[in-house]
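# Close look at the chain arrangement
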Amino acid sequence: MSLTNNQNVLNWVDEMVALCKPDNVVWIDGSEEQLDALRKEAVETGEMIELNQEKLPGCLYHRTNPNDVARVEDRTFICTRNKEDAGPTNNWCDPQEMYAKLSKLYDGVMKGRTMYVIPYSMGPIGSPLAKVGVEVTDSIYVVLNMNIMTRMGADAFKNLGDVSNDFVRGLHSKADVNPEERYIVQFPEDNTIWSINSAYGGNVLLGKKCFALRIASFQGKNEGWMAEHMLILGVKKPDGEIKYITAAFPSACGKTNLAMLIPPEGYKKNGYEVFTVGDDIAWMKPGEDGRLYAINPENGFFGVAPGTNEKSNPNALHCTMKNTIFTNVALNNAEGTVWWEKLDKNPPVDATEWKGAKVNGVEYTEAGNTLAHPNSRFTAPAENCPCLSSEFNNPAGVPISAIIFGGRRASTTPLVYQSFDWTHGTYIGSAVSSETTAAATGAVGVLRHDPMAMKPFIGYNVGDYWAHWLEMGEKLGDKAPKIFNVNWFKQDENGNFIWPGFGDNMRVLDWIIKRCEGTVDAEETAIGYLPKKEDINVEGIEDEVTPEVMDKLLAVDKELWTKEIAEMRRYYNDDIAAKGGKVPAALYEELDKIEARLNK
Ligand code: OXD
Ligand code: MN
């Protein structure tokens, strides 16, 4: 039974059925009864494994094909009629050519399979900021994950109504998971996403990166709002007021950890608390009062498991204790539970590693192998989060006071600084970059540009995206959030991190909030406003963060910054402008201004 009278939806589903030729079509209403039957079926077929229901109630386990464990940027396309509209940060193909090529792959791909039709809402149902999507898929794993990550089911159609055509059409088939024919394709001008030959989260949960970032960033540009790769958190101060902050970091910089931060004892005692609104994506739009409001379009967390533990992020760990799907972690066979690197120091003896081989986990890890895939994941409902914001479901979103950018930088970038204004802040966002770590293949310490941490997710030309940022600043005027940059990863001469990070990042949030309130002074430097050294509260960590260390954390080295500016000029010229991205003149002017201030 279809769940809507909306003819646009019905016609599109008919088209997809005619193309994929499934044996059955099942509309996902979101009822527990239907979901339970699907869970049972997935367990019976071996697609999912039921974990120990006493220790991990409602939790399931899934293993993907070893060739299919991460997002695939080289197989991800933005298909716009004009190539220049996709710009230099995206792979491009003509839409008609891509539809024709992929139609051959989809033709009859669901014969012998069931097509599930998933209605979902990104954002709280009823929110003016929310958007509707429909994903058709041949994977129960996708249905069960979408149930956690989105508001899924018949209610999602309430927002769409009977006549609107404003929904994102997502077609997914795992086909035969052939990496040679894997495609993750966005057609922003058609509100359409086609994904084939993958069954890994980021490629197939089409509400997430494909819709909520790539398609939504394009919609936001046309409709006057912003879709960003940002966490959203609220800091409750001793006076009870809550200030909301968004933050964008490239991967492996601890976004989920910051979103769920637990303040140091001294702060807790004084009444500070941090609340999570989102850990990955923010949709932001000016509200009636002229301020910028943000919602988290998602309904769950698709987090990286390895490294998550009682110390690094107890809140995230707590999220995974029930109704969670684990993907590509290791199994503790004796307990019927899960394990991953750095969960604790005790890998299970009787283990199954992520590819499915039974091993002695102690010997296996001692020999240098990892039991869980480094990109193994948990899909956990937001409602499990002990520090979930009471505003999580507020259809109006939360008013944003500060936007933070950051990356992993061993030198050059200080612990924190504030932009002079929105335009300078947009420059800072465009300059976000991160150094590669030893954990990844390739050379260590190589700088990767990742503007606004959005490089793989901007659904149109990056130059137009920066222009949109500048336009939003003009619209917001003096109501615009203040923009900051942080770097938790500064190192000393011996390669040791000199800032403790994790909960102690609260000390930096504290300064940021005071800057927003205008209650703390700052040092005006060539690169922006820096804290006066005495204004970063180090109570309780004085032994570690001595005045000498603080000097290093807040240093602005003229030579390094001259190099940084030269590299940014090269990046704008060679990587963007020479490849068809129109760098706004205002951003070049920011470069000139920083250069002039450095040379003063
Ligand atoms: C993610 C990512 O999975 O950014 O969130 O890759
Ligand atoms: Mn992300």
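See the structure above.
Here the structure is a predicted model, which is why all the values come from computation and not from measurement. The numbers attached to residues start from 1 for each chain and follow its sequence in the written order. Chains carry letters and ligands carry numbers; both start at the beginning, A for chains and 1 for ligands, and go up in the order they are written. With the structure being a predicted model, the display of local features is reserved for residues of pLDDT at least 70 and the display and counting of side-chain atom pairs for 80 or more, all residues being used for whole-chain, interface and lining totals. Side-chain figures throughout are based on the complete set of non-hydrogen atoms in the structure, without hydrogens or water.

Let's shift gears to the nonpolar core. To form a nonpolar core, buried Ala, Val, Leu, Ile, Met, Phe, Trp, Tyr and Cys residues must be joined to one another through side-chain atoms within 4.5 Å. Relative accessibility decides the category of a residue: with a 1.4 Å probe and only protein chains considered, values under 20% of the type maximum give buried, values over 50% give exposed, and everything between is partly exposed. W283, F405, Y427, W466, W469 and I512 are the most contacted members of the largest nonpolar core, which has 130 residues in total. Sorting elements by how many residues they give to this core places helix 4 (residues 140-149) first, with eight residues. Where each domain starts and ends comes from a domain assignment, either automatic or drawn from a database. Among the domains, domain 1 (7-48 + 72-224) and domain 2 (228-298 + 390-556) are the pair contributing at least three residues each to this core. In this structure, F77, V117, V136 and I196 belong to the second largest nonpolar core, which totals 32 residues. Where helices and strands are cited, they refer to DSSP runs of H or I of at least four residues and of E of at least two residues respectively, numbered from the N terminus.

We now examine helix 7 (residues 207-223). End to end, helix 7 covers just 19 Å across 17 residues, shorter than the expected 24 Å (1.5 Å per residue, more than 12% under). Bend at a given residue is defined as the angle between two axes, one fitted to the seven residues that end at that position and one fitted to the seven that begin there. The sharpest bend along helix 7 comes to roughly 45 degrees, located at A216. Of all 17 residues that make up helix 7, 14 are buried, and the element is covered over most of its length. Remark: G224 follows helix 7 within two positions and exhibits a positive phi of approximately 85 degrees. Any helix carries an expected span of 1.5 Å times its number of residues minus one.

Only N, O and S atoms count as donors, using a 2.8 Å limit from the metal and a wider 3.2 Å limit for Na, K and Ca, and since water is excluded some coordination spheres may look unfilled. The protein atoms donating to the manganese ion (ligand 2) are K209 (NZ), H229 (NE2) and D280 (OD), with metal-donor distances spanning 2.2 Å. Counting gaps between the donor residues of the manganese ion (ligand 2) yields the pattern K-x19-H-x50-D. In this pair, K209 is assigned in helix 7 and H229 in the loop between strand 12 (226-228) and strand 13 (231-236), connecting sequence segments 20 residues apart. Owing to a relative accessible area of 6%, K209 belongs among the buried residues under this scheme. What makes H229 buried here is its relative accessible area of 6%.

The next point concerns the site of ligand 1. Close to ligand 1 lie R71, K209, H229, D280, R377 and F457. H229 is positioned with one of its side-chain polar atoms (N or O) 3.2 Å from an oxygen atom of ligand 1. Nonpolar residues are Ala, Val, Leu, Ile, Met, Phe, Trp, Tyr, Cys and Pro. Charged residues are Asp, Glu, Lys and Arg, and all others, Gly as well, are polar. Residue composition of the shell around ligand 1, grouped by class: one nonpolar, one polar and four charged. Being near a molecule or strand, for a residue, means having at least one of its heavy atoms within 4 Å of it. Between N or O atoms, a polar contact is any pair within 3.5 Å; within protein, one atom must be a potential hydrogen donor and the other a potential acceptor, and residues adjacent in sequence are included only when both atoms are from side chains.

Two numbers describe a pair of aromatic rings. These are the distance of the centres and the angle of the planes. For Phe, Tyr and Trp, where Trp contributes only its six-membered ring, two rings pair if their centres lie within 6.5 Å, and the inter-plane angle classes them as stacked under 30 degrees, edge-to-face over 60, or tilted in between. Applying the stated rule across the entire model yields 26 aromatic pairs. Cluster of aromatic residues (ring-pair linked, three or more members): Y427, W466, Y571, Y572 and Y588. Above the plane of the ring of Y183 lies R75, whose end atom (NZ or CZ) is 4.8 Å from the centre. Ring-over charges, as used throughout, are those where CZ of Arg or NZ of Lys falls within 6 Å of the ring centre and within 35 degrees of the ring normal.

Think of a 1 Å grid over the protein atoms and nothing else: a 1.4 Å probe that fits but is trapped marks a cavity, an open set flanked by protein within 12 Å on at least five of seven lines marks a pocket, and residues with an atom within 4 Å of a point count as lining. Grid points are joined across faces, edges and corners, and a volume is the space filled by probe spheres set on the points. Applying the stated criterion across every chain yields a total of two cavities of 30 Å³ or more. The volume enclosed by the largest cavity comes to roughly 150 Å³. Considering the residues around the largest cavity, the lining is formed by 14 residues, among which T413, Y417, A431, N485 and E564 are closest to the centre. Secondary-structure elements contributing two or more residues to the lining of the largest cavity are helix 12 (422-430), strand 29 (482-486) and helix 16 (558-576). A breakdown of the residues in the lining of the largest cavity according to their chemical character gives seven nonpolar, five polar and two charged. One number sums up the size of the second largest cavity: a volume of about 30 Å³. Lining the second largest cavity, in full, are S217, M226, A227, E228, Y460, Y465, H468 and W469. Of all elements in the fold, only strand 12 and helix 13 (462-476) reach the threshold of two or more residues within the lining of the second largest cavity. Class assignment for the residues of the lining of the second largest cavity results in five nonpolar, two polar and one charged.

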